[in-house]
Amino acid sequence: MTAIAITRDERKVGINRREFLYYVMGASIALFSAELTGLLIWFLIPRFREGEFGGRFFSELSILPEINQPPINNDDGRFWLVNLDIEQPNQFLAAADESDVDIKGVAAVYKVCTHLGCIYDWNEASSRFECPCHGSKYRLDGRRIESPAPRTLDRFQVIALDANGNELAKSEETADGQWSPLVLPAGTARIAVDTGAKKEGSVLPLICEIEQTC
Ligand code: FES
């Protein structure tokens, strides 16, 4: 074993070099642990609060629009709530080529145009969403009617909750990566829209091309 020499100075202050190194090592470990704990807490705490963009927004069923009727605006959440059923087409949700696509249920459509990010609006007169910047037009479910928008409007995930706040169902990801509308199951008391869970809209042919009106 190697003997550790103790200097006269160390004897004077009552602490030797080995003890000093132990203290330094202990302090380093304590500091590292504190940093690790802080990081863990930072990751675990939700970054966004309810009712704040990036978090969840809750809506009672009574405020949902009727099926295929004009959308309900949520300014703080930056989305439109729509209630869709392609099997009951009307002037707001005219059917295009979607016989094999399921467009039924509640969806939360992001209020930002997929072209260059302008805020579009619902146009009562034309029964569609219209962007004031470069003229993109979208159907009630967010599908493009006219370009230059490159894709369908983006959507947020919708969650059905029972009266106790338990989750009953959520919108699911479709084959092309979009959130599907959510058919609300029996027992749904209200819905939540998670504005932290956005998916880009699909790239589908323009409705005006299908109808040869472009
Ligand atoms: S930003 Fe909407 S059409 Fe260009």
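My aim in this report is to walk through the structure given alongside it, one point at a time. Every chain is numbered on its own, with residues counted from 1 as its sequence reads. Since the coordinates come from a predicted model, pLDDT governs what is reported: local features require at least 70, and pairs of side-chain atoms require 80 or more to be given and counted, while whole-chain, interface and lining totals use all residues. Hydrogens and water molecules were not included; the side-chain quantities draw on all heavy atoms of the structure.

**With respect to unusual backbone geometry**
The phi angle of most residues is negative, glycine excepted, and most peptide bonds adopt the trans form. Note that the residue after Ser-147, namely Pro-148, is joined by a cis bond; omega there is 20°. Even without glycine at this site, Asn-68 takes up a positive phi of about 55°. Strands are runs of DSSP state E lasting at least 2 residues, helices are runs of H or I lasting at least 4, and numbering of each runs from the N terminus. Among the secondary structure elements, Asn-68 is positioned in the loop between β1 (56-60) and β2 (72-74). Per-residue accessibility, obtained with a 1.4 Å probe over protein chains only, is compared with the maximum for each type, and a residue is labelled buried under 20%, exposed over 50%, and partly exposed between these values. According to the relative accessible area criterion, Asn-68 is buried, its value standing at 1%.

**Details of the pattern of salt bridges**
Any carboxyl oxygen of Asp or Glu that lies within 4 Å of a side-chain nitrogen of Lys or Arg is treated as forming a salt bridge with it. According to the stated counting rule, one finds 11 salt bridges in the structure shown. In this structure, Asp-75 and Lys-111 form a salt bridge, with 2.8 Å as the shortest nitrogen-oxygen distance. With a gap of 36 residues between them, Asp-75 in the loop between β2 and β3 (79-85) and Lys-111 in the loop between β4 (104-110) and β5 (121-123) connect regions that are remote in the sequence. For Asp-75, a relative accessible area of 55% gives the class exposed. You can call Lys-111 buried: its relative accessible area is 7%. Between Lys-170 and Glu-167 there is a salt bridge, and its shortest N-O distance comes to 3.5 Å. Here the salt bridges share partners, and the residues they tie into one network are Arg-151, Asp-154, Lys-198 and Glu-200.

**Digging into the nonpolar core**
In these notes, a set of buried Ala, Val, Leu, Ile, Met, Phe, Trp, Tyr and Cys residues joined through side-chain atoms within 4.5 Å is what counts as a nonpolar core. Val-82, Leu-84, Tyr-120, Phe-129 and Leu-140 are the most contacted members of the largest nonpolar core, which totals 19 residues. Those elements that provide at least two residues to this core are β3 and β4. The biggest single contributor to this core is β3, with 3 residues. Discounting chain neighbours no more than four positions away, the residues touching Leu-140 are Asn-68, Gln-69, Pro-71, Val-82, Leu-84, Phe-92, Leu-93, Trp-122 and Phe-129. Core analysis: the second largest hydrophobic core is formed by 14 residues, Phe-57, Val-106, Val-112 and Val-193 among them. In what follows, a contact means two residues having at least one pair of non-hydrogen atoms within 4.5 Å.

Structural measurements only, silent on function.
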